[in-house]
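# Reading the structure
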Amino acid sequence: MYVNGEWILSNSGEYFTVNNPSTKEVVAKVPKANAEETKAAITGASDALKKWSLLTAEQRAKYMLKLRDLMLEYTEELATIMSMEMGKAYNEAKGEVVYAASFLTWYAEEGKRIYGETIPASAENKRLFVIKQPVGVVAAITPWNFPLAMMTRKLGPAMAAGCTGIVKPASQTPLTALAFAKLADMAEIPKGVINIVAGSTKAISDELFNNSAIKKISFTGSTNVGKELVRQSANQLKKLSLELGGHAPYIVFEDADIEKAVEGVVASKFRNAGQTCVCANRIYVHKNIKEEFAKLFVEKVKELKVGNSLAEGVDIGPLVNESGLEKVKEHVEDAVEKGAKVLYGGAEVKDASGYFYIPTILDNVTEEMKIMQEETFGPVAPITIFETDDKAIDAANNTEYGLASYIYTKDISRAVKASEALNFGIVGLNDAMPGVAQAPFGGMKESGYGREGGHQGIRDYLEEKYISLGL
Ligand code: NAP
C-alpha cells in the first residue's frame, strides 16, 4: 500500500491475490488494507492538505505535469500491468495511459483558472466577494475497467483544486494504482497528497464514509453500489459524485453513412471486450438499411482477433472474470431463447486458458430480452430495427440509465432534434468515442450525478465561500 508517502504492509499480515484473466494465473499478492491503514492514509492526507492547499496553482501544476511526464515515459510498463491484471488488449491499454495522462495535463492548467467573483453591494459601505477553496481531503473509489483513467479523472481536478486524496482501487486492479503511486513517488509529489489503499472493501469504505476528515467521495462503479453509497453518505451529508452504469443506445438513421456507422459501432461496442460504461448496448438501425449495415458489421467483426491481452495484434482480450463471462453467456442464451438470431459468434472460445468470448452480433432482438434491459458488459452487439425517428428516440430513452448515447445521420435537423430529445449526459453525434479530458462526462437518471472532465469537473472539489466586508 502507499500511505503517507511510505510503502507499507497490512497490519493484519493479510494479502489478497490478483489473477490474470487471460491465463487465470496469479499475477501478484497484495497487502490487504483494513480500517487501520485507511485511517493512517486519511491522517497523512489531512496533514498534507495543510501545505498542498496553500501552494499556488502553478506550483501544483508543476508537480502534476512531472507526474504526467512520468506516466507517458512509463506507458509500456503501465499498459503491461493493466493488461495483466484486467485483460485489456495491450494497445488499448497504452491508449488508456495516454488518456489518463491527459487529465493531469488539462487540470494542471485549469487549476490556474479557479476564479472567484465580486458582487455589487446594496450599501455604500460594503463589498461582497465569493472565493473558491478546496473542499479538503477527498476519496476516490474506482472500478477495474479503466483502472488508470478513472483515478486521474478524479485526482487531476482534486489535486489542481488543492485537495489531497485517498484512492481505493477495485480489488481486481490494485497493481495499476500502485504503479501510479510509484510514479507519484518518483515525481516527488509531497507525501500524503496521494494515498492508495486496496483490500477489504467494506472496512475501507466504512472508514472513508464515517471519518469526518473526508469531505468528498467520488465513486465510479455499478448503479447498485452507487445507491448503497448514497444511503451511507447521509450520516455526515458527505458530498458524493457518482459515475455509474450505462445502457447506451446507438441509433443509425436511414440517411447515415453506413460505413462510418459500422466503424463506430465496432469501436464503441468491442473496445475493452465490451466492458465500458459507454459501450453501445442497444443498436437501433432503420429497417431499410438494416441488411446492409448488418452485413458490413459482420465482415468487420470477423477481422477482430481475440486472445491473450498481451499477445501481438490482439483486439479483444478476455472478460475480467468468471462472473463476467457467465453474465455474457446468460444474456446471449436468454436472447436466443426468445427469438434472437446469431449473425456471428454466440459462444465462448473453446478450450481457452482464460475467460474469452467470441465477439457476437445478434439480430431480431426485442425489448423484453435481458440484453436490452441490463448492462451486458461483454462483446455482444444486439441489433433491432425501427421505422420512425420518434419510435427510435422513445425506445432509446426507455431505460433507467442515462449515460451515453449515439446517433448516426447526415441530416442536420434530425441530428439536432435527436440530440436534444435523448435523455443522456453524452451524445456522440457521428462520433463513437466522445470522451476527452476537456469535456464534461457524466450521466442522468440512474447513471449518477456530477460531471468529470472539463471545467465542470473541478467544481465538486471546491467550496464557494461568500465574504461580506463592511468598510
Ligand atoms: P462495482 O462493483 O460497483 O465496483 C466499483 C468500485 O466500488 C470497486 O472499487 C469496488 O471494490 C467498490 N465497491 C464494491 N462494493 C462496494 C461497497 N458496498 N461499498 C463501497 N465500495 C464498493 O463496479 P465494477 O464492477 O468494478 O465496475 C463496473 C461498473 O462501473 C459498471 O456498471 C460500469 O458501467 C461502471 N462504470 C461507470 C463509469 C462512468 O464514468 N459512469 C466508468 C467506468 C465504469 P471491489 O473491487 O473491492 O469490490
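Because the structure is predicted, anything quoted here is derived from the model rather than measured.

## A short note on the overall build of the protein
Secondary structure assignment for the protein yields 13 helices and 20 strands. Relative to the compact-globule value of 23 Å for 471 residues, the protein shows a C-alpha radius of gyration of 23 Å, a close match. When the backbone C-alpha atoms are referred to their principal axes, the protein occupies close to 75 × 60 × 40 Å. Going through the 471 residues of the protein one by one, you find that 55% of them count as buried. Here the analysis covers contacts within the protein between residues at least 6 apart in sequence; of these, 73% occur between residues at least 24 apart. A total accessible area of about 19,700 Å² is found for the protein, and carbon and sulfur atoms account for 51% of it. Taken as two groups, the 53 positive and 61 negative side-chain charges of the protein have centres that lie 5 Å from each other.

## Side note on the packing of aromatic side chains
This structure, assessed with the given rule, holds 10 aromatic pairs. Consider the rings of Trp52 and Tyr63, whose centres lie 5.6 Å apart with planes at 50°: the pair is tilted. With a gap of 11 residues between them, Trp52 in helix 1 (residues 35-52) and Tyr63 in helix 2 (residues 57-73) connect regions that are remote in the sequence. Ring centres of Trp144 and Phe377 lie 5.8 Å apart, and the angle between their planes is 90°; on these two criteria the pair is classed as edge-to-face. On the criterion of sequence distance, the pair formed by Trp144 in the loop between strand 7 (137-141) and helix 5 (149-161) and Phe377 in the loop between strand 15 (360-363) and strand 16 (380-386) is long-range, its members being 233 residues apart.

## As for the sheet that holds strand 20 (residues 462-470)
Taking strand neighbours across the sheet as the criterion, the 3 strands line up as 5-6-20 in an open arrangement whose pairing is antiparallel. On the outer flanks of this sheet lie strand 5 (117-119) and strand 20, each paired with one strand and no other. Strand-to-strand, the axes of this sheet are offset by a mean angle of 25°, without reference to chain direction. Relative to strand 20, strand 6 (residues 126-134) runs antiparallel, the two sharing 9 bridges. Along strand 20, the bridge assignment pairs Pro134 with Leu462.

## Some details on the nonpolar core
Leu67, Met71, Leu148, Ile194 and Ile196 are the most contacted members of the largest nonpolar core, which totals 63 residues. Here this core gets 10 residues from one element, more than from any other, and that element is helix 4 (residues 90-110). Built from parts of two domains, this core gets at least three residues from each of domain 1 (2-244 + 447-470) and domain 2 (248-437). Ile196 has contacts with Met1, Tyr2, Val3, Met151, Val167, Pro169, Ala177, Leu178 and Ala181, leaving out every residue within four places of it along the chain.

## Structural notes on the site of the ligand
Looking at the ligand, there are 29 residues lining it, with Thr142, Ser171, Thr201, Ser222 and Glu375 nearest. In the environment of the ligand, an oxygen atom lies 3.1 Å from a nitrogen or oxygen atom belonging to the side chain of Trp144. Here the ligand, which alone exposes 900 Å², has 85% of that area covered by the protein. When atoms are counted within 2 Å of each cavity's grid points, the one that captures over half of the ligand is the largest pocket. Secondary structure elements with two or more residues in the shell around the ligand: helix 5, helix 7 (201-210), strand 10 (214-220) and helix 8 (223-233). At 3 residues, helix 8 tops the list of elements feeding residues into the shell around the ligand. Split by residue class, the shell around the ligand holds 14 nonpolar, 10 polar and 5 charged. Built from parts of two domains, the shell around the ligand gets at least three residues from each of domain 1 (2-244 + 447-470) and domain 2 (248-437).

## Describing the environment of Gly264
By secondary structure assignment, the location of Gly264 is in helix 9 (residues 258-270). Considered as a pair, Gly264 and Met151 are 113 residues apart in the sequence and their alpha carbons are 26 Å apart. Ignoring anything within four residues of it in the chain, the contact list for Gly264 reads Tyr250, Tyr408 and Ala432.

## Looking at the layout of surface pockets
Taken as a whole, the largest pocket holds about 860 Å³ of empty space. Every residue lining the largest pocket is counted, 36 residues in all, and those nearest its centre are Trp144, Phe219, Gly221, Ser222 and Val225. Elements supplying a minimum of two residues to the lining of the largest pocket: helix 7, strand 10, helix 8 and helix 11 (322-337). Tallied by class, residues from the lining of the largest pocket come to 13 nonpolar, 16 polar and 7 charged. There are two domains that each give the lining of the largest pocket at least three residues, and those are domain 1 (2-244 + 447-470) and domain 2 (248-437). Considering only enclosed or pocket space, the second largest pocket measures out at about 340 Å³ in volume. Together, 17 residues line the second largest pocket, and Tyr99, Phe146, Arg271, Met433 and Gly435 are the ones closest to its centre. Of all the secondary-structure elements, those providing two or more residues to the lining of the second largest pocket are helix 4 and helix 5. Here the lining of the second largest pocket takes 4 residues from helix 4, the largest share from any one element.

## Some details on the domain arrangement of the protein
When its domains are assigned, the protein resolves into domain 1 (2-244 + 447-470) and domain 2 (248-437). On a C-alpha basis, the centres of domain 1 and domain 2 stand 31 Å from each other. With 28 residues of domain 1 at the interface, the matching set in domain 2 holds 28 residues. Counting each side, the surface lost to burial between domain 1 and domain 2 is near 2,200 Å², with a carbon and sulfur contribution of 54%. If you look at where domain 1 meets domain 2, you find 0 salt bridges. Where domain 1 touches domain 2, the interface holds 12 residue pairs in polar contact (both at pLDDT 80 or more). Going through the elements one at a time, helix 3 (75-86) and helix 4 are the ones with two or more residues in the side of domain 1 that touches domain 2.

Conventions used here
Residues numbered from 1 in each chain as written. Predicted model: local features only at pLDDT ≥ 70, side-chain atom pairs only at ≥ 80, totals over all residues. Heavy atoms only, no water. Helix = DSSP H or I, 4+ residues; strand = E, 2+ residues; numbered from the N terminus. Rg over C-alpha atoms; globule rule 2.2 N^0.38 Å. Buried < 20%, exposed > 50% of the residue type's maximum accessible area, 1.4 Å probe, protein only. Contact = heavy atoms within 4.5 Å. Areas by Shrake-Rupley, 256 points an atom, 1.4 Å probe, with all protein chains shown as cover. Lys, Arg positive; Asp, Glu negative; His and termini not counted. Charge placed at Lys NZ, Arg CZ, Asp CG, Glu CD. Phe/Tyr/Trp six-rings, centres within 6.5 Å; stacked < 30°, edge-to-face > 60°. Pairing = 2+ DSSP bridges. Axes fitted to C-alpha atoms, helices over the stretch in contact; angles between N-to-C directions. Core = buried A, V, L, I, M, F, W, Y, C linked by side-chain atoms within 4.5 Å. Domains from an automatic or database assignment. Near = heavy atom within 4 Å. Polar contact = N/O pair within 3.5 Å; in protein donor to acceptor, adjacent residues only side chain to side chain. 1 Å grid on protein atoms, 1.4 Å probe; cavity = no way out; pocket = protein on both sides within 12 Å on 5 of 7 lines; lining within 4 Å. Sits in = over half its atoms within 2 Å of the grid points. Nonpolar A, V, L, I, M, F, W, Y, C, P; charged D, E, K, R; others polar. Points joined across faces, edges and corners; volume = space filled by probe spheres on them. Buried area = accessible area lost by both parts, 1.4 Å probe. Salt bridge = Lys/Arg side-chain N within 4 Å of Asp/Glu carboxyl O.

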